Amino acid sequence: MAVKIIESCVNCYACEPVCPSQAIYEAKPHFRVNSKKCTECEGDYPVYQCASICPIEGAILNSLGEAINPPGSLTGIPPEKMAEAMAELQAH
Amino acid sequence: MELPVLNDAPKAAGGCSAGSCGSTDDQMDQLPDSIREKVQNHPCYSEDAHHYFARMHVAVAPACNIQCHYCNRKYDCANESRPGVVSELLTPDQAVKKTMAVAATIPQMTVLGIAGPGDPLANPERTFETFRRLSEEAPDIKLCVSTNGLALPDAVEELSKHNIDHVTITINTVDPEIGAKIYPWIFWNNRRIKGVKAAKILIEQQQKGLEMLIAKGILVKVNSVMIPGVNDKHLAEVSKVVKSKGAFLHNVMPLIAEAEHGTFYGVMGQRGPTPDELQDLQDACSGDMNMMRHCRQCRADAVGLLGEDRGDEFTLDKIEDMKIDYQAAMEKRKVIHEAIQAEMDSKRLEKAAKVEQFKQEPKLDTRPVLMAVATSGQGVINMHFGHAKEFLIYEASPDGVRFISHRKADQYCGGDTTCGETESTLMRTIRSLEGCEAVLCSKVGYEPWEQLEAAGIQPNGEHPMEPIEEAVMAVYKEMAAAGKLDAKPEAARASA
Ligand code: SF4
Ligand code: SF4
Ligand code: SF4
């Protein structure tokens, strides 16, 4: 049981110091979780610490491979609206 | 020493002066002497000092503990930097090396700030390690730090141990309901907290931190981002609150929101204020408090004087090779600082004499005019129109000349269809001068001259190397004599 950091991570360092298990480390091209060390915060906190401070939606996945912070959950930008804005920019 | 501060309103002159007028800037003179002294040679606070001295920022603090709707965490903290900018992240050791390399090369550099790329106090170890070493190894450099305030109360004790000159807190509201429209979440006590509850905690921490700093005798500046329709009406109240608690400056910055930054405000189409709206708010707030109109929202890793960025000279590989003898550099810096100080002092006296003279003259009865000035420092007009990356905007009126703001030459290029490939740099520059009726520079080329005139902005290259305020007043008087100031011009303010 462990969480995973994927490529959308922006290397902001925020998760590293809050992990109670020292499971997170700096790596290239982005931060990673040592799956042997990650306890999913069991026994320490009721919520994943890393995913509670991470500012990037979708950057951290749970053990089922699902985004702990799905699109729109942190920024408040509805995903359709984001897609629209990005399509608009692409068109230029 | 009875030296004038901020926009140089001499204390003795009182009332209106050519350096500043009425209720706006001379309030600085009412500050306690200890604060005035600290502030008057500070490039971030004193309009005239920042023509001579420089500041730099180092990016050592990547993490943040809150989210602001105008920020995209792929980029630097938008509170202290321009949105959409990425700085090279440094370790504390690299930051110390870079600071000393810059200080030895650019002796005018007197202030080192940590402003990002995240929240400095959300990275206490990296931030304090940098401060601790610089306090010891480069004691002639003033240190400053900016923060969203959430972790501030816990940091005050440690901050008071270093050579900290001032702390900047970004306070956009004192009302949790408004806060919920600006901050979607905070990380607090091991949880992510959202909505009004989150905003309430953040506001409490900011206010508590502000009070604690004041109690410790540390200078506090407050920044606010003006977000039309969200907190614009409320910022006068913010100004009142933070001033009553002892903040010495309140700086209102415009929201910059573009869809391509991927921020909430950018994507949702929230607009920023127009230059007029910003100026009106700054005027409204200055009745309560001094505003820092020359703030240019510099980058988290900016280096240099007056909007210039010499960061490229100090990249990591370059500073790695530099051998710095800081003791020797410090002696050299001292001599240069004294010379600059003497020059500033004599210019201030000169200006005060001019103000006296101006007060003796018959008072004009004309409307105020905005003018843009191209300068690279020293308080004189010394830049070619085509080379200016930014302009200083001054207002001339029968009461004198006062500094209003900086404008980036292409600041208002919104990336929309009227802009981009189809619009030349020249057109963008001219657009950024909207509202101005004249532009003063050392030289203006033929093509821009014609286009400026067509846009209703009178180019003027007749005052090269002259002090800015004098030249602006001279042009104003010429305009008055030519009868140009009787009616409201079509070009100015109408569309701004
Ligand atoms: S879930 Fe908890 S233990 Fe696992 S990496 Fe994140 S913070 Fe560390
Ligand atoms: S907090 Fe998120 S974005 Fe930041 S380093 Fe950790 S995983 Fe990456
Ligand atoms: S405090 Fe700065 S880095 Fe943090 S979210 Fe706000 S603007 Fe971004």
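Here, the structure is the one placed above.
Now for a description of the structure that goes with this document. (Residues numbered from 1 in each chain as written. Chains lettered and ligands numbered in written order. Predicted model: local features only at pLDDT ≥ 70, side-chain atom pairs only at ≥ 80, totals over all residues. Heavy atoms only, no water.)

1. Notes on the interface of chain B and chain A
Line of reasoning, step 1. The partner chain A presents 28 residues to the 24 residues of chain B that form the contact.
Line of reasoning, step 2. For the chain B and chain A pair, buried surface summed over both sides reaches about 2000 Å², with 66% attributable to carbon and sulfur atoms.
Line of reasoning, step 3. Inspection of the region where chain B meets chain A yields zero salt bridges.
Line of reasoning, step 4. Sorting the residues of the side of chain B that touches chain A by element identifies β6 (185-188), β7 (191-194) and α8 (264-267) of chain B as the ones contributing at least two each.
Line of reasoning, step 5. With three residues, the top contributor of residues to the side of chain B that touches chain A is β7(B).
Line of reasoning, step 6. Of the residues in the side of chain B that touches chain A, the class split is 11 nonpolar, six polar and seven charged. (Contact = heavy atoms within 4.5 Å. Buried area = accessible area lost by both parts, 1.4 Å probe. Salt bridge = Lys/Arg side-chain N within 4 Å of Asp/Glu carboxyl O. Helix = DSSP H or I, 4+ residues; strand = E, 2+ residues; numbered from the N terminus. Nonpolar A, V, L, I, M, F, W, Y, C, P; charged D, E, K, R; others polar.)

2. Some details on the nonpolar core
Residue and element names in this part refer to chain B.
Line of reasoning, step 1. Judged by nonpolar contacts, the single largest core of 53 residues is most densely connected at Leu-112, Phe-131, Leu-159 and Leu-213.
Line of reasoning, step 2. With residues up to four places along the chain from it excluded, the contact list for Phe-131 reads Leu-112, Ile-114, Leu-143, Cys-144, Val-145, Leu-159, His-162 and Ile-164.
Line of reasoning, step 3. If you look at the next biggest cluster of nonpolar residues, it comprises 25 residues, including Leu-150, Tyr-183, Val-230 and Ala-257. (Core = buried A, V, L, I, M, F, W, Y, C linked by side-chain atoms within 4.5 Å. Buried < 20%, exposed > 50% of the residue type's maximum accessible area, 1.4 Å probe, protein only.)

3. Some thoughts on the site of ligand 2
Line of reasoning, step 1. Surrounding ligand 2, one finds Ile5(A), Cys9(A), Val10(A), Asn11(A), Cys12(A), Tyr13(A), Cys15(A), Phe31(A), Cys54(A), Pro55(A) and Ile56(A).
Line of reasoning, step 2. Here the residues of the shell around ligand 2 are counted per class, giving 10 nonpolar, one polar and no charged. (Near = heavy atom within 4 Å.)

4. Section: the environment of Leu61(A)
All names here are of chain A.
Line of reasoning, step 1. Turning to its location among the elements, Leu-61 is positioned in strand β4 (residues 60-61).
Line of reasoning, step 2. Judged by its relative accessible area of 15%, Leu-61 falls in the buried class.
Line of reasoning, step 3. Separated by 56 residues in sequence, Leu-61 and Ile-5 place their C-alpha atoms 6.4 Å apart.

5. Re the packing of helix α2 (residues 92-105) of chain B against helix α11 (residues 326-360) of chain B
All names here are of chain B.
Line of reasoning, step 1. The contact between α2 and α11 brings their axes to 9 Å, and the two run at 40°. Comparing their axes, α11 and α2 come out oblique. Taken as a pair, α2 and α11 cross one another with a handedness that is left-handed. In contact with Met-100, Ala-103 and Ala-104 of α2, α11 contributes Tyr-326, Ala-329, Lys-332 and Arg-333.
Line of reasoning, step 2. Classifying every residue of the contact of α2 with α11 gives five nonpolar, no polar and two charged. (Axes fitted to C-alpha atoms, helices over the stretch in contact; angles between N-to-C directions. Parallel < 35°, antiparallel > 145°, perpendicular 65-115°, else oblique. Left-handed = near helix turned anticlockwise from the far one by under 90°.)

All we've got here are geometric facts, nothing functional implied.
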